[in-house]
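Residue strings, one per chain:
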Amino acid sequence: MTVGNQINQSANKATYIKTYKVNFSVQDNDGTTKHSAETTHYYGESVDLEVPSSALVGNKVAAWSSENRNDTDTETESSSKASGRIGSVYTTIVSGNVYVVAELESTSSPSSEDVRRYDICDVYGSLVDVVYSTDVFIGDIATQTITFTEGKEVNAKSVPLYSFDHWQTTQVSENRYKLVPKYSAKPTFDFTFVGASTQGASDIEYDTLVNVSFDTTKGTFAAWATRSNGKYQIASYNANYSFYACEDEEYVAIVNSGTAQNPVYVTADATPVTLTASAIDGTVTDIDTDDEDMLNAILTAKIKNFAPFISIERTVISSDNKQARAYMRITQGAAGNKGYGIIYRSGAATDEQMTLNYSGDTKTYKRIITTMLSTGQFTYTLNSSKGFTKDVSFRGYISYDVPVTVSGNTATLNATDYTAVKTTNKFSV
């Protein structure tokens, strides 16, 4: 009792009770110290540390952290951190040198209950990004680019043949939402049929399967061709042909007005037009000759033996200039295909620059294609995250074998055809 009474006597504390320092600082969210103080206290003493009211102007305490060090102040013996629903006063029991930090955040900073998760999806609903934000989006968002308060931007990609309409917002769970870009109604196309059982079709939506059937009263069917400005592209060797709509087109039946051995291919118009090599939209074959009789003989041999042709139905660049696409077709039902692909180049291009063996510079690119739809159609898409700064030129090619008879002599021709060069203009944005 005597010793205890002596210890508890304030005059004797310094003799019997060890003292430690309490270092207290207040820091805002960028680490700047707004208040600092160091005091000395006896072992076991309870100390209340309070954030000065001046430091709380526009701020609140986000967390308290405490570190206990040994007698020599060289090693950490224990540490703790408290956050959540806490106040501006912190109580510590002195058992060593104590370092306490009050961490502040702006009163405008959100609590966890205020933060929403936004799942950013593509047009198919597949997740492409995640954004955490205090922004509240409900219903449709009309702008193609969304800028979140925190600085993050998300942009709905432009899609060829479509126009962006809005972002659709759907709540997935509490504080979690899904954003999916939606696009305007599909464009529609019109079709005219010559030599078919029907005259045509109107207002057909993009990517809709369309069927054209040959009218057998028109003669002996040879092929379906598309016609534009007096130029032809051989689309199919099947009398009943189905294709996907991607452009306004006129389909003309090609019939044989000659014999099976000596065919003469003409259109099924009321006044038939004889099909010639010069009327093909592209090359009949890439050989060094201007002999029309030779080229017409090759054309006749190609159709007679169901050899493939390649054509471009359309090319398009998206309105933000970030995607360029070519819609291609190889003759459906063709035989002897030895390989096909696409050539592209930035800017307007000449025929010479758009060949497989061009070596004048390194700006011409060739790509082999290995897949197509059962309709003979396929697409090739170029993407640019920064956007195309020039127009884009496309050209298709196809290699094949075909037996050709000239002056009674027959030989197998190993050839390559090219489409006409199609240059698509970029948008001015």
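See above for the structure.
Residues numbered from 1 in each chain as written. Predicted model: local features only at pLDDT ≥ 70, side-chain atom pairs only at ≥ 80, totals over all residues. Heavy atoms only, no water.

(A) Representation of the overall build of the protein within the structure. Within the protein, the regular secondary structure consists of three helices and 30 strands. At 39 Å, the protein has a C-alpha radius of gyration far larger than the 22 Å of a compact globule built from 429 residues. Along the first, second and third principal axes, the C-alpha set of the protein runs to 135 × 45 × 40 Å. Counting over 429 residues, the protein shows a buried share of 42%. (Helix = DSSP H or I, 4+ residues; strand = E, 2+ residues; numbered from the N terminus. Rg over C-alpha atoms; globule rule 2.2 N^0.38 Å. Buried < 20%, exposed > 50% of the residue type's maximum accessible area, 1.4 Å probe, protein only.)

(B) Highlighting the layout of surface pockets. As a volume, the largest pocket reaches approximately 700 Å³. Going through the elements one at a time, β8 (116-121), β9 (127-133), β12 (153-155), β14 (176-183), β24 (323-330) and β27 (377-383) are the ones with two or more residues in the lining of the largest pocket. Sort the elements by how many residues they give to the lining of the largest pocket and β24 lands first, with four residues. A class-by-class count of the residues in the lining of the largest pocket yields 21 nonpolar, five polar and six charged. (1 Å grid on protein atoms, 1.4 Å probe; cavity = no way out; pocket = protein on both sides within 12 Å on 5 of 7 lines; lining within 4 Å. Points joined across faces, edges and corners; volume = space filled by probe spheres on them. Nonpolar A, V, L, I, M, F, W, Y, C, P; charged D, E, K, R; others polar.)

(C) Representation of the pattern of salt bridges within the structure. Applying the stated criterion to the full structure yields 14 salt bridges. In this structure, K338 engages D401 in a salt bridge whose closest nitrogen and oxygen atoms are separated by 3.5 Å. Separated by 63 residues along the polypeptide, K338 in strand β25 (residues 337-346) and D401 in strand β28 (residues 392-406) bring together distant segments of the chain. Taking relative accessible area as the criterion, D401 reaches 27% and is therefore assigned partly exposed. The partner of D361 in a salt bridge is R345, with the nearest N and O atoms 2.8 Å apart. Note that D361 is positioned in the loop between β25 and β26 (364-369) and R345 in strand β25, a separation of 16 residues in sequence. A relative accessible area of 28% means that D361 is categorised as partly exposed. What you see here is one network of salt bridges that share partners, running through R117, D119 and R176. (Salt bridge = Lys/Arg side-chain N within 4 Å of Asp/Glu carboxyl O.)

(D) The pairing of strand β19 (residues 231-236), seen in detail. Of all six residues in β19, five are buried, a share of seventy percent or more. What sits between strand β18 (residues 221-228) and β19 in their antiparallel hairpin is a turn of two residues, with N229 showing a positive phi close to 55°. (Pairing = 2+ DSSP bridges.)

(E) Molecular detail of the nonpolar core. Grouped together as the largest cluster of nonpolar side chains are 43 residues, with contacts concentrated most on I303, L382 and F394. Top contributing element to this core by residue count: β28, with six residues. Counting 25 residues, the second largest nonpolar core, distinct from the first, contains F189, F193, I204 and V255. (Core = buried A, V, L, I, M, F, W, Y, C linked by side-chain atoms within 4.5 Å.)

(F) Molecular detail of the packing of aromatic side chains. Summed over the entire model, instances satisfying the criterion amount to 23 aromatic pairs. With a centroid separation of 6.2 Å and 70° between ring planes, the pair formed by F193 and Y251 is classed as edge-to-face. With F193 in strand β15 (residues 188-194) and Y251 in strand β21 (residues 249-256), the pair connects residues that are 58 residues apart, well separated along the chain. Y251 matches F193 in its accessibility class, with the two residues each being buried. Grouping aromatic residues by their ring pairs yields a cluster made of F191, F193, Y241, F243 and Y251. Lying across the ring of Y99, R69 places its NZ or CZ 3.7 Å from the centre. One cation-aromatic arrangement involves K302 over F309; the distance from NZ or CZ to the ring centre is 3.6 Å. (Phe/Tyr/Trp six-rings, centres within 6.5 Å; stacked < 30°, edge-to-face > 60°. Lys NZ or Arg CZ within 6 Å of the ring centre and 35° of its normal.)

(G) Just the side chain of N23, in detail. Within the fold, N23 resides in strand β1 (residues 19-27). At a separation of 2.9 Å, a polar atom in the side chain of N23 contacts the side chain of E38. In this view, N23 contacts A37, E38, V98, Y99 and V100; residues no more than four positions away in its chain are not counted. (Polar contact = N/O pair within 3.5 Å; in protein donor to acceptor, adjacent residues only side chain to side chain. Contact = heavy atoms within 4.5 Å.)

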